[in-house]
Amino acid sequence: MSPTKTLARVLAIAGSDSGGGAGIQADLKTFSALGVYGASVITALTAQNTKGVTAIHDAPADFVTAEIDAVFSDLAVNAVKIGMLSRTDIIAAVAEGIKKWKPPFVVLDPVMVATSGDRLIREDATAAIVNELFPRVTLITPNLAEAATLLNQSMASTETEMQKQGEALIGLGAKAVLMKGGHGTSDESVDLLITASGTKRFAARRVATKNTHGTGCTLSAAIAAGLAKGLVLDEAVATAKAYVTAALEASMSLHIGSGSGPVHHFHAFWK
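Nothing here was measured: the structure is a model prediction, and the numbers come from that model.

Looking only at helices and strands, the chain features 8 helices and 9 strands. In terms of overall size, the chain behaves like a compact globule, its C-alpha atoms giving a radius of gyration of 17 Å where 271 residues would be expected to give roughly 18 Å. Expressed along its principal axes, the backbone C-alpha trace of the chain runs to roughly 45 × 45 × 40 Å. Evaluated residue by residue, the chain yields a buried proportion of 53% over its 271 residues. Here the contacts in the chain between residues at least 6 apart in sequence split such that 67% fall between residues at least 24 apart. Within the structure as shown, the chain displays about 12000 Å² of accessible surface, and the carbon and sulfur contribution to it stands at 56%. The centroid of the 23 positive side-chain charges in the chain is displaced by 4 Å from the centroid of its 24 negative side-chain charges.

One finds I82 and V94 to be the most contacted residues of the largest nonpolar core, which totals 42 residues. Once you skip the residues sitting within four places of it in the chain, V94 turns out to touch I13, V64, I68, I82, L85 and L133. Membership of the second largest hydrophobic core comes to 34 residues, among which are V107, L139, Y243 and F266.

This next bit is on the packing of aromatic side chains. Evaluated as defined, the whole model comprises 2 aromatic pairs. Ring plane angle 10 degrees and centroid distance 5.8 Å describe the contact between F72 and W101, whose orientation is recorded as stacked. With F72 in helix α2 (residues 61–72) and W101 in helix α3 (residues 88–101), this pair connects stretches of sequence that are 29 residues apart. On the basis of relative accessibility, which here comes to 9%, the residue F72 falls in the buried class. Note on W101: relative accessible area 29%, which makes it partly exposed.

Before going further, it helps to examine helix α6 (residues 159–171). With 13 residues, α6 should cover 18 Å at 1.5 Å per step; its first-to-last C-alpha distance of 18 Å lies within 8% of that length. Within α6 the residues assigned to the buried category are M162, Q163, Q165, G166 and L169. At its buried positions, α6 is contacted by β6 (139–140), α5 (144–151), β7 (176–179), β8 (188–195) and β9 (198–205).

Orientation of α3 relative to helix α4 (residues 125–133), taken along the N-to-C sense of each, is 10 degrees, at an axis distance of 9 Å. Relative to α4, the element α3 lies roughly parallel. Judged by the sense of rotation from one axis to the other, the crossing of α3 with α4 is right-handed. Across the interface between the two elements, T88, I91, V94 and A95 from α3 touch A125, A128, I129, E132 and L133 from α4. Of the residues belonging to the contact of α3 with α4, the class tally is 7 nonpolar, 1 polar and 1 charged.

The full count for this structure, using the stated rule, is 11 salt bridges. One connected set of salt bridges, linked through shared partners, spans D58, R87 and D89.

Another aspect to go through is the side chain of T245. Relative to the assigned elements, T245 resides in helix α8 (residues 233–250). Sequence-distant contacts of T245, defined by excluding residues within four places in its chain, comprise A204, R205 and V207.

A regular strand carries its side chains on alternate faces of the sheet. Both faces of β7 are covered, namely the face carrying A176 and L178 and the face carrying V177 and M179. Relative to β8, β7 is paired through 4 bridges, and the arrangement is antiparallel. Following the sheet pairing, V177 is matched in β8 by I194.

Now for the pairing of β8. Burial of β8 is extensive: 6 of the 8 residues sit out of reach of the surface. Of the strand pairs in this sheet, β8 and β9 are connected by 8 bridges, and their pairing is antiparallel. For E188, the partnering residue across the bridge sits in β9 and is R205. Here β8 folds back onto β9, and the loop between the two strands holds 2 residues.

Let's shift gears to the environment of E67. Within the secondary structure layout, E67 lies in helix α2. The sequence separation of E67 and I42 amounts to 25 residues, and the corresponding C-alpha distance is 7.9 Å. The residues touching E67, leaving out its near neighbours within four places in the chain, are S40, V41 and I42.

Scoring rules and cut-offs
- Residues numbered from 1 in each chain as written.
- Predicted model: local features only at pLDDT ≥ 70, side-chain atom pairs only at ≥ 80, totals over all residues.
- Heavy atoms only, no water.
- Helix = DSSP H or I, 4+ residues; strand = E, 2+ residues; numbered from the N terminus.
- Rg over C-alpha atoms; globule rule 2.2 N^0.38 Å.
- Buried < 20%, exposed > 50% of the residue type's maximum accessible area, 1.4 Å probe, protein only.
- Contact = heavy atoms within 4.5 Å.
- Areas by Shrake-Rupley, 256 points an atom, 1.4 Å probe, with all protein chains shown as cover.
- Lys, Arg positive; Asp, Glu negative; His and termini not counted.
- Charge placed at Lys NZ, Arg CZ, Asp CG, Glu CD.
- Core = buried A, V, L, I, M, F, W, Y, C linked by side-chain atoms within 4.5 Å.
- Phe/Tyr/Trp six-rings, centres within 6.5 Å; stacked < 30°, edge-to-face > 60°.
- Expected span 1.5 Å × (residues − 1).
- Axes fitted to C-alpha atoms, helices over the stretch in contact; angles between N-to-C directions.
- Parallel < 35°, antiparallel > 145°, perpendicular 65-115°, else oblique.
- Left-handed = near helix turned anticlockwise from the far one by under 90°.
- Nonpolar A, V, L, I, M, F, W, Y, C, P; charged D, E, K, R; others polar.
- Salt bridge = Lys/Arg side-chain N within 4 Å of Asp/Glu carboxyl O.
- Pairing = 2+ DSSP bridges.

Purely spatial values, then, with no claim about function.
And the structure:
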């Protein structure tokens, strides 16, 4: 008999996307593609497809707590990825769960708006994310619009402005910030990893495709997977960005839905 292999284990705390391209579904696909075991805590159900979100049904906060306790009481979780948290009581439940179980790494993707433009978070929840979660997570991964919303500023349009907004988020209590430039307009997609000790720049060729649904979820899940497997933060970010870039390039071979289709999570396996 071959020896038993111990897989790294990652927990995704996020909303469900019925269309399968983002949220919990994208997280679990990413974990599987990158060779880690994925568990899930579902914070909300969304009626969603490639064209948009038509309904949201939030899970009760006490049920979210029950899900978190069920996973951590049985699984040795190496890292956590947090996505859609639409209400303050759910944010408080997740923050309390992180405080109670103390996972080694937590990646927070402050999901606020779907690729389609539909809002996924209530107005009063933004401050709760900053106050309750920023001090408890390893990394936050806002895109340009999310960073602007968190800071109540205009969206950054240059790398200098991205740098300043990342530093401002550090000032609000974040330990590390990955400012994602995927919504920019230059030929390169540039992300900036900003910590108290400095900034690292990650650039990739911008991929011209309409199939970008779930890109942010996938990147943050891939970073969490890298941390769970023992990579240091900048290595986890570099590996995750390479994976997402390849998934975007391969997405053009997929024909899923009539709107913004998903990235190709299994591009390395499906021929």
